[in-house]
Amino acid sequence: PVCTGLFRAVGAAMSVFVTRRIPAEGLRVLSQASGCQVQQWDSDEPVPRAELLAGVAGTRGLLCLLSDRIDREVLEAAGPGLKVISTLSVGFDHLALDEIKKRGIRVGYTPDVLTDATAELSVALLLSACRRLPEAAEQVKSGGWTTWKPLWMCGYGLSDSTVGIIGLGRIGQAVARRLKPFGVRKFLYTGSGPKPESAAEFGAEFVPLTRLAEESDFVMVTCALTPATQGMCNKDFFGRMKKTAVFINTSRGAVVNQEDLYEALAHGQIAAAGLDVTTPEPLPTDHPLLSLKNCVILPHIGSATYATRSTMAVLAANNLLAGLRGEPMAHELKL
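Reading the values: rules and limits
- Residues numbered from 1 in each chain as written.
- Predicted model: local features only at pLDDT ≥ 70, side-chain atom pairs only at ≥ 80, totals over all residues.
- Heavy atoms only, no water.
- UniProt positions renumbered as here; feature names shortened; annotations may be inferred.
- Axes fitted to C-alpha atoms, helices over the stretch in contact; angles between N-to-C directions.
- Helix = DSSP H or I, 4+ residues; strand = E, 2+ residues; numbered from the N terminus.
- Parallel < 35°, antiparallel > 145°, perpendicular 65-115°, else oblique.
- Left-handed = near helix turned anticlockwise from the far one by under 90°.
- Contact = heavy atoms within 4.5 Å.
- Nonpolar A, V, L, I, M, F, W, Y, C, P; charged D, E, K, R; others polar.
- Buried < 20%, exposed > 50% of the residue type's maximum accessible area, 1.4 Å probe, protein only.
- Arc of directions from axis to C-beta.
- Domains from an automatic or database assignment.
- Buried area = accessible area lost by both parts, 1.4 Å probe.
- Salt bridge = Lys/Arg side-chain N within 4 Å of Asp/Glu carboxyl O.
- Pairing = 2+ DSSP bridges.
- Right-handed = clockwise from strand over helix to strand, strands pointing away.
- Phe/Tyr/Trp six-rings, centres within 6.5 Å; stacked < 30°, edge-to-face > 60°.
- Lys NZ or Arg CZ within 6 Å of the ring centre and 35° of its normal.

- By the naming in an unreviewed UniProt entry, the chain is Glyoxylate reductase/hydroxypyruvate reductase, taken from Callaeas wilsoni.
- According to the UniProt record, the Sequence similarities (unreviewed entry) comment for the chain is "Belongs to the D-isomer specific 2-hydroxyacid dehydrogenase family."

1. A few points about the packing of helix H5 (residues 115-130) against helix H7 (residues 170-179)
No. 1: Remark: H5 packs on H7, axes separated minimally by 9 Å, with the N-to-C direction vectors making an angle of 55 degrees. In terms of orientation, H5 and H7 fall into the oblique class. Here H5 runs over H7; the crossing is right-handed. Across from Thr115, Asp116, Thr118, Ala119, Glu120, Ser122, Val123 and Leu126 in H5, the residues of H7 making contact are Arg170, Ile171, Ala174, Val175, Arg178 and Leu179.
No. 2: In terms of residue class, the contact of H5 with H7 is made up of 7 nonpolar, 3 polar and 4 charged.

2. Examining helix H2 (residues 49-56)
No. 1: Looking at H2, one finds that the buried residues are Leu52, Leu53, Gly55 and Val56. Burial along H2 is one-sided: seen end-on, the buried residues are contained in an arc of 165 degrees. What points out from H2, more than 90 degrees from its buried face, is the exposed set Ala50 and Ala54.
No. 2: If you follow the buried residues of H2, they end up packed against strand E2 (14-18), strand E3 (36-41), strand E4 (61-64) and helix H3 (72-78).
No. 3: Phi turns positive, to about 75 degrees, at glycine 58, one or two residues after H2.

3. Quick word on the domain arrangement of the chain
No. 1: The assigned domain composition of the chain is domain 1 (14-111 + 307-333) and domain 2 (114-297).
No. 2: A straight line from the C-alpha centre of domain 1 to that of domain 2 covers 32 Å.
No. 3: Each partner contributes to the interface: domain 1 provides 9 residues, whereas domain 2 provides 5 residues.
No. 4: Across the domain 1 to domain 2 interface the summed buried area is about 660 Å²; carbon plus sulfur atoms make up 61%.
No. 5: Between domain 1 and domain 2 we count 1 salt bridge in total.
No. 6: Residue arginine 252 pairs with aspartate 93 through a salt bridge whose shortest N-O separation is 3.1 Å.

4. Considering the UniProt feature "domain: D-isomer specific 2-hydroxyacid dehydrogenase catalytic" (unreviewed entry) in the chain
No. 1: In the numbering adopted here, UniProt assigns the feature "domain: D-isomer specific 2-hydroxyacid dehydrogenase catalytic" (unreviewed entry) to residues 16-333.
No. 2: Taken as a whole, residues 16-333 contains 35% helix and 15% strand, while its terminal C-alpha atoms sit 19 Å from one another.

5. Looking at the pattern of salt bridges
No. 1: Scanning the entire structure with this criterion turns up 23 salt bridges.
No. 2: Overlapping salt bridges, with partners in common, bring together Arg72, Glu76, Glu99, Lys102 and Arg103 in one network.

6. Considerations on the pairing of strand E5 (residues 84-87)
No. 1: Burial along E5 is two-sided: the residues Val84 and Ser86 and Ile85 and Thr87 are all buried.
No. 2: By the bridge criterion, 4 bridges tie E4 to E5 in an arrangement that is parallel. Residue pairing for E5: glycine 61 is matched across the bridge by valine 84.
No. 3: A crossover connection joins E4 to the parallel E5 through H3; in handedness this β-α-β unit is right-handed.
No. 4: Pairing analysis gives 3 bridges linking E5 to strand E6 (residues 106-108), with the strands arranged parallel. Bridge pairing links isoleucine 85 to valine 107 in E6.
No. 5: The parallel pair E5 and E6 is bridged by helix H4 (residues 97-102), and the resulting crossover is right-handed.

7. A look at the packing of aromatic side chains
No. 1: Following the criterion strictly, the structure yields 6 aromatic pairs and no others.
No. 2: Plain terms: the ring middles of phenylalanine 92 and tyrosine 109 are 5.8 Å apart, the flat faces sit at 85 degrees to each other, and that makes the pair edge-to-face. Here phenylalanine 92 is found in the loop between E5 and H4, whereas its partner tyrosine 109 is found in the loop between E6 and H5, with 17 residues between them in sequence.
No. 3: Ring geometry for phenylalanine 237 and phenylalanine 238: centres 5.7 Å apart, planes at 80 degrees, overall edge-to-face.
No. 4: For phenylalanine 238, a relative accessible area of 0% translates into the label buried.
No. 5: We note lysine 149 situated over the ring of tryptophan 152; from NZ or CZ to the ring centre the distance is 4.6 Å.

8. Here we look at the environment of alanine 204
No. 1: One can find alanine 204 in the loop between helix H8 (196-200) and strand E9 (205-206).
No. 2: Classification of alanine 204 by relative accessible area gives buried; the value is 15%.
No. 3: Along the primary structure alanine 204 and threonine 190 are separated by 14 residues, whereas in three dimensions their C-alpha atoms are 9.8 Å apart.
No. 4: Once residues within four sequence positions are removed from consideration, alanine 204 is found in contact with Phe187, Tyr189 and Ala199.

Written out as structure tokens, the structure is:
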């Protein structure tokens, strides 16, 4: 793919660079904005670093994805004219916020719109891991299914269980809301501080991370990646979990120490895990975690419904345009 100016310029007042092929609805918002000159890396694959540095040069706006590392080098390549960065994501750990703030650049992001899709996927991943769905489906294909057996392919159910949620934000609450009707007996949560208003709906109790690990039958990680949460789910954490517990991460891969998770799963320290996020992404096909039957790994598809991705693209485009026009954004990161 080549980096092409898709639309004729109407003056360079609002030149923007889009780092990937995005849903058509989002691109349409940009192309129909008067005075907006769009350049796009027109591919489903990430923009190579050299093309990113060339593409941002002299632009006023950047629409990027969570796979684009927007650091000092990119900001310097863009030059002083860069006024707005709009990311097509709810996470912003790929943005060098200190450098961005220093330059007075505004940042837009896309929270809320992907909450439901990500919560649904989190529940699907939990059920897949605790009821061993991929493993069971494989047995049907491989001829391992010989007859009905009382103790074969047994897993763990949600009824009367304790669910621990790390990060009771928008997505954490949406997950709890969906799990409650399964007959969960108790919700525990941990985070930077108690959230009594949010927790009241589920009767959720705020506890330290260690207690959440010790008492939960199911652990759901839905927090943001910050210096405080990086590597938080490690050997000590898994060592405290029940042998029958199931661990699910749909936040960011770096919240988990994957070597420690592998050891815990391989040695029966915990029952199973489900991950929608890994380090790195994509996970190499020879990674040890992929050799385990009790680990379900998905390719970061939390927000992957047609409707959600389309809404995200439109929101990211509108954030970008609002920033370029000096207007309030629907969702701006306050730096």
